[in-house]
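Fold and contact review
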Protein chains: 2
Amino acid sequence: MDRTETLTQALRQKGLRLTPQRLAICRLLATSEQHPTAQMIYEQLRPQYPSLSLATVYNTLDILVNLGVVNALGSAGDDVVHYDADTDPHVNLACTVCHRVIDLPSQHVRALEEEVTATSGYRLLGARVLYYGICPDCQQQPEE
Amino acid sequence: MDRTETLTQALRQKGLRLTPQRLAICRLLATSEQHPTAQMIYEQLRPQYPSLSLATVYNTLDILVNLGVVNALGSAGDDVVHYDADTDPHVNLACTVCHRVIDLPSQHVRALEEEVTATSGYRLLGARVLYYGICPDCQQQPEE
DNA sequence: TCCAAATTTAGAATGATTATAAAATAAAAG
DNA sequence: CTTTTATTTTATAATCATTCTAAATTTGGA
Ligand SMILES: [Mn+2]
Ligand SMILES: [Mn+2]
Ligand SMILES: [Zn+2]
Ligand SMILES: [Zn+2]
């Protein structure tokens, strides 16, 4: 099952309708490498869906996060929430200068997540494994 | 060096003044198990420092985060930023019902952080290793 | 003591997010 | 294919955490 399917299945299983807007948001989330914010999703979809409302983007994100199929990573120094549709255990790296979030391959994070699942006693809904700092590009550039 | 010292030293090393307000905020952060928010710090210190301003709390937190001695964990389902003065590698667990954040001992997270430091190429400033879900208490209680 | 820089404070402003209510849409029923 | 009804979307207003501003205060040094 590809990543878009994971999101749309989750909606269907809750009896929620898979509207064109929701499908577009799911697709964008599933295929983006960007860890987008609500605003970024809104702007990227507006050309295709001129009537799309920012409220719909926020509503859909909220649903997906509460279903546990999208992670809310929080701010990357820009005071805006970034989202991640990749819920496989992995490390996120945020640059507080250019506000980009990238993935980092990691040997240890899967074991970490298993440990948390096994020992915490929590009914886990999502993960936020993110380190923040200054990316190699921004360490050189005067500014971006 | 205890944790309060770590924070106050960081301020001094940048040539910043260790005012009574800043000292109180550092002490509270260093000794709290709570992962407090700016508002929580403000309310807990107001009895002792009636003139304390919320802006000072935010300013001081911002300084400490930018010095890398306090981590900004983000929201625990309450849409407010929680802070953590414990920068040793560890796992945080947030309950999205009661909005409490606790620490979880972990075997793997230290190795994870070393891996990120070694391989990312980022100048790292802070960590946000947090899993969110429903805590054992809230899984039982009707609500809190 | 006096001065200049740093800091705090109160309050206003910002802006991301959430709430509201009306319009549009989609499934269900007939 | 209509009618009905619940769901969803949309535009807009409201909320409220956080940041900004400028004046008052405090600090450490001359
Ligand atoms: Mn990611
Ligand atoms: Mn912690
Ligand atoms: Zn960067
Ligand atoms: Zn709880």
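Above: the structure in question.
It should be emphasised that the depicted structure is a prediction, and the values quoted were computed from it without experimental measurement.

1. Description of the packing of helix α1 (residues 3–13) of chain B against helix α4 (residues 54–67) of chain B
Residue and element names in this part refer to chain B. Contact pair α1 / α4: the axes reach a minimum separation of 10 Å and the direction vectors enclose 90°. Taken together, the axes of α1 and α4 are roughly perpendicular relative to one another. Residues Leu-7, Ala-10 and Leu-11 of α1 form the contact with α4, whose own contacting residues are Ile-63, Leu-64 and Leu-67. When the residues that make up the contact of α1 with α4 are grouped by side-chain class, the tally is six nonpolar, no polar and no charged.

2. Thoughts on the environment of Glu114(A)
Mapped onto the elements, Glu114(A) comes out in helix α5 (residues 109–119). Residues Glu114(A) and Ala30(A), spaced 84 residues apart in sequence, show a C-alpha to C-alpha distance of 23 Å.

3. So, the environment of Val97(A)
Residues and elements named next belong to chain A. Locating Val-97 in the fold gives a position in the loop between β3 (91–95) and β4 (101–104). When its relative accessible area of 31% is taken as the criterion, Val-97 is described as partly exposed. Taking the C-alpha atoms as reference, Val-97 lies 8.6 Å from Ala-76; in sequence the two are 21 residues apart. Setting aside residues no more than four positions away along its own chain, Val-97 makes contact with Ile-134 and Cys-138.

4. Some remarks on the pairing of strand β3 (residues 91–95) of chain B
All names here are of chain B. Among the five residues that make up β3, five are buried, leaving the element largely enclosed by the rest of the structure. On β3, burial covers both faces: Val-91, Leu-93 and Cys-95 on one face and Asn-92 and Ala-94 on the other are all buried. Where β3 meets strand β4 (residues 101–104), four bridges bridge the pair, whose relative direction is antiparallel. Along β4, the bridge assignment pairs Asn-92 with Asp-103. The turn joining β3 and β4, which pair antiparallel and follow one another in sequence, is formed by five residues; a positive phi near 65° is taken by His-99. As judged from the four bridges shared by β3 and strand β5 (residues 123–134), these two strands associate in the parallel manner.

5. Describing the coordination of the manganese ion (ligand 2)
Residue and element names in this part refer to chain B. In the first shell of the manganese ion (ligand 2), the protein supplies His-35 (NE2), Asp-84 (OD), His-90 (NE2), Asn-92 (OD1) and Asp-103 (OD), at 2.1 to 2.2 Å from the metal. Along the chain, the residues donating to the manganese ion (ligand 2) are arranged with the sequence spacing H-x48-D-x5-H-x1-N-x10-D. Among the residues examined, Asp-84 registers a relative accessible area of 5% and is labelled buried.

6. Brief notes about the protein's contact with DNA strand C
In the vicinity of DNA strand C there are 17 residues, among which Tyr58(A), Arg17(B), Thr19(B), Arg22(B) and Ser51(B) approach most closely. Within the side chain of Ser51(B), an N or O atom sits 2.7 Å from a phosphate oxygen of DNA strand C. Ser53(B) places a polar main-chain atom, nitrogen or oxygen, 2.9 Å from a phosphate oxygen of DNA strand C. Of all the elements in the fold, those that place two or more residues in the surface near DNA strand C are α4 (54–66) of chain A together with α2 (20–31) and α4 of chain B. When grouped by side-chain class, the residues that make up the surface near DNA strand C number seven nonpolar, five polar and five charged.

7. Quick notes on the protein's contact with DNA strand D
Near DNA strand D lie 18 residues; those nearest to it are Arg17(A), Thr19(A), Gln21(A), Ser51(A) and Tyr58(B). Each atom of DNA strand D within 4 Å of the protein belongs either to a base or to sugar and phosphate, the latter forming 84%. Interatomic distance of 2.9 Å between a side-chain N/O atom of Gln21(A) and a sugar or linking oxygen of DNA strand D. Note that a phosphate oxygen of DNA strand D is positioned 3.0 Å from one of the backbone N or O atoms of Ser53(A). Taken together, the elements giving at least two residues each to the surface near DNA strand D come down to α2 (20–31) and α4 of chain A together with α4 of chain B. Each residue belonging to the surface near DNA strand D can be placed in one class, and the counts come to eight nonpolar, five polar and five charged.

8. What about the relation of the copies chain B and chain A?
Each copy superposes on the other: chain B lies on chain A with an RMSD of 0.0 Å after a rotation of 180° and an axial shift of 0.0 Å. Taken together, the rotation and translation describe the operation of a two-fold axis. Taking C-alpha positions as the reference, the residue of chain B nearest the rotation axis is Val129(B), at 2.2 Å. Taken together, the interface assignments show that 100% of the residues at the interface of chain B recur at the interface of chain A, consistent with an identical surface on both copies.

9. What to know about the coordination of the zinc ion (ligand 4)
Residues and elements named next belong to chain B. All of the protein donors around the zinc ion (ligand 4) are Cys-95 (SG), Cys-98 (SG), Cys-135 (SG) and Cys-138 (SG); their distances to the metal are 2.3 Å. Each of the four donor atoms around the zinc ion (ligand 4) contributes to a set of angles spanning 104 to 119°, which defines the coordination as tetrahedral. Along the chain, the residues that donate to the zinc ion (ligand 4) are spaced as C-x2-C-x36-C-x2-C. Of this pair, Cys-95 sits in strand β3 while Cys-138 sits in helix α6 (residues 136–140), and the two are 43 residues apart along the sequence.

Rules used throughout
Residues numbered from 1 in each chain as written. Chains lettered and ligands numbered in written order. Predicted model: local features only at pLDDT ≥ 70, side-chain atom pairs only at ≥ 80, totals over all residues. Heavy atoms only, no water. Axes fitted to C-alpha atoms, helices over the stretch in contact; angles between N-to-C directions. Helix = DSSP H or I, 4+ residues; strand = E, 2+ residues; numbered from the N terminus. Parallel < 35°, antiparallel > 145°, perpendicular 65-115°, else oblique. Contact = heavy atoms within 4.5 Å. Nonpolar A, V, L, I, M, F, W, Y, C, P; charged D, E, K, R; others polar. Buried < 20%, exposed > 50% of the residue type's maximum accessible area, 1.4 Å probe, protein only. Pairing = 2+ DSSP bridges. Donors = N, O, S within 2.8 Å, 3.2 Å for Na, K, Ca; no water. Near = heavy atom within 4 Å. Polar contact = N/O pair within 3.5 Å; in protein donor to acceptor, adjacent residues only side chain to side chain. Least-squares fit on C-alpha atoms with pLDDT ≥ 70 in both. Tetrahedral: all angles 85-135°; square planar, octahedral: opposite > 155°, others 65-115°.

These values are about where atoms sit, not about what they do.
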